[in-house]
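Survey of secondary and tertiary structure
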Amino acid sequence: MIDGTRTRLIDSALSLLREQGLDAVTLRAVGELAGLSRMAPYRHFADKTALLAALAVRVIADLTAHIAAAVLQHGEHEQRLRAFYRSYVEYAVERPEEYRLVFASQFPVGHHPELEEAIDEVMTALSPDIAGHGPRSKATMAALLATAHGLAEFATLGPLAHKGIGLDDIIDVIVKGVGRPG
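Procedures and definitions
Residues numbered from 1 in each chain as written. Predicted model: local features only at pLDDT ≥ 70, side-chain atom pairs only at ≥ 80, totals over all residues. Heavy atoms only, no water. Helix = DSSP H or I, 4+ residues; strand = E, 2+ residues; numbered from the N terminus. Buried < 20%, exposed > 50% of the residue type's maximum accessible area, 1.4 Å probe, protein only. Contact = heavy atoms within 4.5 Å. Areas by Shrake-Rupley, 256 points an atom, 1.4 Å probe, with all protein chains shown as cover. Expected span 1.5 Å × (residues − 1). Core = buried A, V, L, I, M, F, W, Y, C linked by side-chain atoms within 4.5 Å. Salt bridge = Lys/Arg side-chain N within 4 Å of Asp/Glu carboxyl O. Patch = residues over 30% accessible without salt bridge, like charges linked within 9 Å, V, L, I, M, F, W, Y side chains within 5 Å. Lys, Arg positive; Asp, Glu negative; His and termini not counted. Charge placed at Lys NZ, Arg CZ, Asp CG, Glu CD.

**Looking at the overall build of the protein chain**
A count of helices and strands for the protein chain gives nine helices and zero strands. In sequence order, the protein chain lays out its α and β elements as α-α-α-α-α-α-α-α-α. When the 182 residues of the protein chain are sorted by exposure, 40% land in the buried category. Within the protein chain, residue pairs in contact and separated by at least 24 positions form 64% of the contacts whose partners lie at least 6 positions apart. Carbon and sulfur atoms make up 55% of the accessible area of the protein chain, which amounts to about 9900 Å² in all.

Listed below in structure tokens is the structure:
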């Protein structure tokens, strides 16, 4: 029952995040929404940051599934890369609160191993999918994720549309190789 209750609490936290934003996600509000006592979440999470880290792990799994579904629809390497970037940005734009949670500064390296493990799993899971064959190096995956994150930041903050630059135009430059004549 503990695992089921913890899952219920994380589900409730996700609902609050989606409907009311990050500030609404408190341990008491999550317990109440889950139909438990306001103090029940404290038996599963040391504090709000621990709850948010568990929620971030869930969001990372959702983001990974979203990207993998898009990437696996294509066979050619360049099309997989384009699908990776588009789906990553799409997720960030459609679910900005969830996306921001994953990259929140409240998760310092070394304090939430389950979150760091989830990020490592993303890199491992997506590596062969994006490449269309064997795994890519960790540095390559980090570069892909960093580039996708930058695109997502631009897209969620709006400077791309304001400058009249299309997301697909930028993705084309990245996929074809930055610095090559275009």
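Here the narrative resumes, following the displayed structure.
**Comments concerning the side chain of glutamate 98**
With respect to the helices and strands, the residue glutamate 98 is situated in helix α5 (residues 96-102). Look past the residues within four positions of glutamate 98 in its chain and what remains in contact with it is Leu14, Leu17, Arg18, Val59 and Tyr91.

**Things to note about helix α4 (residues 77-94)**
Spanning 18 residues, α4 covers 25 Å between terminal C-alpha atoms, matching the ideal 26 Å at 1.5 Å per step. Those residues of α4 not exposed but buried are Arg80, Leu81, Arg82, Ala83, Phe84, Tyr85, Ser87, Tyr88, Val89, Tyr91 and Ala92.

**What to know about the nonpolar core**
Within the largest apolar cluster, 50 residues are counted, with the highest numbers of intra-cluster contacts made by Val25, Phe45, Leu55, Phe84, Tyr85 and Tyr88. Mapped onto this core, the elements with two or more residues apiece are α1 (2-20), α2 (27-33), α3 (48-71), α4, α5, α6 (113-131), α7 (138-157) and α9 (167-176). When residues of this core are assigned to their parent elements, the largest contribution, 13 residues, is made by α3. When residues no more than four places from it in sequence are discounted, the contact partners of valine 25 are Ala13, Leu16, Leu17, Val30, Lys48, Leu51 and Leu52.

**Description of the pattern of salt bridges**
This model, assessed by the stated rule, comprises five salt bridges. In this structure, arginine 82 and aspartate 172 form a salt bridge, with 2.8 Å as the shortest nitrogen-oxygen distance. Separated by 90 residues along the polypeptide, arginine 82 in helix α4 and aspartate 172 in helix α9 bring together distant segments of the chain. Here aspartate 168 ties to arginine 86 by a salt bridge, and the two come within 2.7 Å at their closest N and O atoms. Linking aspartate 168 in helix α9 with arginine 86 in helix α4, this pair joins segments that are 82 residues apart in sequence. Accessibility expressed as a relative area gives 33% for arginine 86, which makes it partly exposed.

**Remarks on a negative patch on the surface**
Among the surface-exposed residues, Glu114, Glu116, Glu117, Asp120 and Glu121 lie close enough to one another that they form a single negatively charged patch. The residue aspartate 120 is located in helix α6 in this model. Overall, the relative accessible area of 47% leaves aspartate 120 in the partly exposed class.

**Points about the environment of glutamine 79**
Topologically, glutamine 79 is positioned in helix α4. Sequence separation of glutamine 79 and valine 175 is 96 residues, and the distance between their C-alpha atoms is 9.0 Å.

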